[in-house]
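Understanding the architecture of this molecule
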Amino acid sequence: MKKIYADTLIFFAVLAAFGTANILSPVKPKASEVENRALAEKPVFSAASFLQGKYFEDYNNYYNDTFILRDEMILLCRDIKDAFTVDSGYVLVAAEKDKLPQQQDQDDGSKLSGEKDGKGPENREETASAEGESKERITETEAGEKEQTSEPGLELEDDGNMGYWLLVDGKAVELFRFNKEAIDYYAETMNMYHEKLGDKVKLYSMIAPTAGEFTLMKRYRNMSDSQNEAIVYINGKLHPDIKVVDVFDALSKHKDEYIYFKTDHHWTALGAYYAYEAFMKTCGEKAVPLDRYEMISVDNFLGSAYTKTLSKELENNPDMIQVYMPFTKNRFTRYSGNTPKDVDVIDLSYAEGKDKYLIFLSSGGGTWSVIQTEVKNGKKLLIMKDSFGNAIAPFFLPHYEEIYIIDSRFYSTANTKMNIPQFIEHHGIQEVAFIHYMEDVNWAEFMQTVRNLLFEDDNTR
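The text that follows walks through the structure, step by step, so that each part is easy to find. (Residues numbered from 1 in each chain as written. Predicted model: local features only at pLDDT ≥ 70, side-chain atom pairs only at ≥ 80, totals over all residues. Heavy atoms only, no water.)

**A look at the side chain of arginine 409**
As for its placement among the helices and strands, arginine 409 is situated in the loop between strand S17 (402–407) and helix H13 (413–416). A polar atom in the side chain of arginine 409 sits 2.5 Å from the side chain of aspartate 407. (Helix = DSSP H or I, 4+ residues; strand = E, 2+ residues; numbered from the N terminus. Polar contact = N/O pair within 3.5 Å; in protein donor to acceptor, adjacent residues only side chain to side chain.)

In C-alpha cells form, the structure reads like this:
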C-alpha cells in the first residue's frame, strides 16, 4: 500500500510540476513545427462566450495546443507506439476533415501551413491501424450510392466528414469514398456558373484525381471507389458547353512516373505539367515542351500526409520537389485584402522551410492575385482553384497576357466589392478554369464556397 501511495504521489507531483511550468511559461508557441499548423490563440473573454460555454472550450484548445514540450511529447508518443507495433504491411489513417478556414483578408503569406484543401489550419487527426489485408467490400446500389460492409479488424466510420489514408511501401495515398450528393453539387455548381456567365466566357472543368487512383496495389483496390467512374458521372451531368479536360487519362498514361508525392496529397510539378498538356489539347493549342524549362530540385520535402500521420516510414522516405522555372517574363501581384504585393510565381525562398509546397505561387495567391506576362495576345484566364492549382498555374504563362488566380476559401467580396461574375466582367476575362482535386469536388462544403461567390453582393440571387 505504501508503494502504491508513493507512486500516486509521484504521479500527481509530475502533473503538478508540468502544469505549473506551463502556466508560468511566459512565451507561448504560435505554431507547431511537428504538425505544421498554426496553434490556437488565447481566447478573449466575453460574457456571451462565457455563458455559451465557448470560452472554456476555446481556452481548453489553447491550453492543449500551447502546453510546454508538446511537440517533443508528440514525437515521443509516436516512437513509443512504433516500438510496440508489429509491422502489418500498412497503416490506415483517418484524418478528421475540419471546418473551412475563415476569410484571410489580411493574409500576408506568412501562415505556416499554407493551404490544406478544405482542411483548415486547426487540424485534428485520429489514427487507426489494421492487421493484415482489409476485407472491406464496397458494392454499388441501383441508385448509384455506395453501400459498404466491413469485417472485424477494420472499422471505418463513413460519416462524410472523414478522409482516409493508406500508408504502404513508403508512401501515403488518400482513399476515395464516392459521395453522390456532393458530386451532384459540383456539377450543379458548374452549370450555375455557365448559366450566369453565358456563352461569352469559356468554362473548363479540370478534376485532379488523387494518387490512390494510380498507385494502389491490387490487393488494396477494393478499399477505394473509382475516381474515374465518378468523373465520368460528373461529365455526364455538365452542360455541353462546359469543356471537360481529361486529366485522368493524361495522368494515367504516366502513372509509373513521379507524378504524385509520397508524403503529400498534391501532384508533383510533373503531374501538373501533364494536366496542363491536357488543357492545351482541349483548347486546340500546343503545349510548351517540358525540355524548354530549367528544372531545379529541392530535397527533403515532408508534406501533408506526414504531418497527419507523423509516420517514421514517411519520415525516412522524403520527397523531392522538381521545379520547372518559368521562362516567360512576368509580374505576379498578390492582394492581401486590398493591399498589393509583388511576389514570385516560383519562390525558392521556401525551399529551406517546413512547407516547401509554398514554392508554388508564394503561398497560394492571397485574397486574389494576377500574373501579367510579356505575352501580348489579349487573352485572359481566371483559375478558380484549391492548392492543386498552385503547381499548374506557372505552365499557363506562355499562353496568356493575364492570369487571375482565386481560391474560393480566401476570396473576399468585402474587399473587392465584386462577386466572381462581376470580377470576370470587370477584368475582361474570357476563360475560366476550375482546377480542384477530387476530395474537394467530393466535399459539398468546399464547393459551397465556390457557389457562394456567384451571388455574394448580387441582388439577383
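**Remarks on the pattern of salt bridges**
If you walk through the whole model with that rule in mind, you get 10 salt bridges. A salt bridge links lysine 253 to aspartate 249; the nearest nitrogen and oxygen atoms lie 3.4 Å apart. Looking at lysine 253, the relative accessible area reads 58%, which means it is exposed. With a relative accessible area of 34%, aspartate 249 lands in the partly exposed category. One salt bridge connects lysine 262 with aspartate 319, and the closest N-O pair in it is separated by 3.3 Å. Of this pair, lysine 262 sits in the loop between helix H8 (247–252) and helix H9 (269–283) while aspartate 319 sits in strand S12 (residues 319–325), and the two are 57 residues apart along the sequence. Three or more residues are tied together by salt bridges with common partners; here these are Lys385, Asp407 and Arg409. (Salt bridge = Lys/Arg side-chain N within 4 Å of Asp/Glu carboxyl O. Buried < 20%, exposed > 50% of the residue type's maximum accessible area, 1.4 Å probe, protein only.)

**Quick notes on the nonpolar core**
Counting 107 residues, the largest nonpolar core has Tyr193, Trp267, Met384 and Phe396 as the members making the most contacts within it. Leave out the neighbours within four places in its chain, and phenylalanine 396 touches Tyr276, Phe279, Leu381, Ile383, Ile403 and Ile435. Formed by 8 residues, the second largest nonpolar core is a distinct cluster that contains Ala172, Ala305, Tyr306 and Leu310. (Core = buried A, V, L, I, M, F, W, Y, C linked by side-chain atoms within 4.5 Å. Contact = heavy atoms within 4.5 Å.)

**Side note on the sheet that holds strand S9 (residues 202–208)**
With mixed pairing, the 8 strands of this open sheet are ordered in space as S10-S9-S18-S16-S17-S15-S13-S14. The outermost strands of the open sheet, each flanked by one partner alone, are strand S10 (243–245) and strand S14 (339–343). Between one strand and the next, the sheet's axes are offset by a mean angle of 20 degrees, whatever the strand orientation. Strand direction decides the pairing type here: S9 and strand S18 (residues 431–437), joined by 7 bridges, are parallel. Across the sheet, methionine 206 pairs through a bridge with isoleucine 435, a residue of S18. (Pairing = 2+ DSSP bridges. Axes fitted to C-alpha atoms, helices over the stretch in contact; angles between N-to-C directions.)

**What to know about the pairing of S12**
Most of S12 sits inside the fold, with 6 of its 7 residues counted as buried. One ladder, built from 6 bridges, connects strand S11 (residues 294–301) with S12; its direction is antiparallel. Each bridged residue has a counterpart across the sheet, and for isoleucine 296 the counterpart in S12 is valine 323.

The analysis is restricted to geometry; functional conclusions fall outside its scope.
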